[in-house]
Amino acid sequence: AGDVAVFQSTGANTVQCISYVKADGTAVASSGGGNKTVFVPVYHDPGGDYINFDPGAGADLPDNTNEACYSVWSVPDDFTSLTSVKVYLMSRGTGNAEVTIIGMARNDTDDRSSGGTDDSIAQASRAYTADTIHLDDVSAAFNGLTLNANELMTLRYVRAGSDGDDTIGAELQIYGFQIVYA
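Remember, it's a predicted structure, so these values are computed and weren't measured experimentally.

**Here's the deal with the nonpolar core**
Phe-142, Met-153, Tyr-157 and Ile-174 are the most contacted members of the largest nonpolar core, which totals 33 residues. Counting residues per element, the ones that place at least two in this core are strand E7 (56-61), strand E8 (66-74), strand E9 (82-91), strand E10 (95-106), strand E11 (117-128), strand E13 (152-160) and strand E14 (172-181). Sorting elements by how many residues they give to this core places E14 first, with five residues.

This is how it looks when you write it as C-alpha cells:
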C-alpha cells in the first residue's frame, strides 16, 4: 500500500487536499475536517426596521421602498477558500423582488472606499413565495473578492422595492447569511 491523499472540491473548479498520510502511517497534512459553516445575522441600514416574523427577528425591507441590510464577517485564520454564500429570507408576498447583492472585502490599512476588493450581482428579479423560508444562493457576489485571514467581509442585500418589476407587494424579511468555507 502507498501514500493516501484525500481531496475535496472547493466549488470553484478546484480541489484541495484535506488529508495526506504516508504509507508508514505518518500524517503529512490534515485540514481539520473539511468545510465549515457559519451564520451571520443581518443589520438594517440606518432608518430601517427590525420586525419579528417567525422563526425570528430580521431586517424588514418594505414594499415600494429602496432599502438594504448587511452583515459583516471577519475571515478566520483557518480560511482557505469560499465555498458558498446563501441568504436566509422570507417574503410576505409571492412574486419577484428586484435585488442587488454586494460583496466587499477590506483589510488593515485598506482605504474604506477604494481599497480592498468588491464584487456584486447586478439588480435582477428574484422569485419568492409568500410566507416561505428561502435559502437563496448569492455566491456569485463574492467570487471576485480577495479574502485573507482577518479580512472584513461585508455582505449587502439591497431591495429596489419601488422598481416597477418588483411585484412582491409586501415586505421581505432578511434573517442573515450562511457562509460555507474550507
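After that view, the rundown keeps rolling.
**Digging into the packing of aromatic side chains**
On inspection of all chains with the given rule, the structure shows five aromatic pairs. Their ring planes at 50 degrees and their centres at 5.5 Å tell us that Trp-73 and Tyr-181 sit as a pair that is tilted. One end of the pair, Trp-73, is in strand E8; the other, Tyr-181, is in strand E14, and 108 residues separate them in sequence. Across the pair, exposure class does not vary: Trp-73 and Tyr-181 are buried alike. Among the aromatic residues, those joined into a ring-pair cluster are Trp-73, Phe-79 and Tyr-181.

**Points about the pattern of salt bridges**
On inspection of all chains with the given rule, the structure shows seven salt bridges. Note that Glu-171 and Arg-92 form a salt bridge whose closest N and O atoms lie 3.9 Å from each other. Here Glu-171 is found in the loop between E13 and E14, whereas its partner Arg-92 is found in the loop between E9 and E10, with 79 residues between them in sequence. The exposure class of Glu-171 is partly exposed, given its relative accessible area of 23%. On the basis of relative accessibility, which here comes to 34%, the residue Arg-92 falls in the partly exposed class. Its salt-bridge partner being Asp-118, residue Arg-106 comes within 2.8 Å of it at the nearest N-O pair. In this pair, Arg-106 is assigned in strand E10 and Asp-118 in strand E11, connecting sequence segments 12 residues apart. What you see here is one network of salt bridges that share partners, running through Asp-63, Arg-159 and Asp-166.

Conventions and cut-offs
Residues numbered from 1 in each chain as written. Predicted model: local features only at pLDDT ≥ 70, side-chain atom pairs only at ≥ 80, totals over all residues. Heavy atoms only, no water. Core = buried A, V, L, I, M, F, W, Y, C linked by side-chain atoms within 4.5 Å. Buried < 20%, exposed > 50% of the residue type's maximum accessible area, 1.4 Å probe, protein only. Helix = DSSP H or I, 4+ residues; strand = E, 2+ residues; numbered from the N terminus. Phe/Tyr/Trp six-rings, centres within 6.5 Å; stacked < 30°, edge-to-face > 60°. Salt bridge = Lys/Arg side-chain N within 4 Å of Asp/Glu carboxyl O.

These figures capture arrangement, not role.
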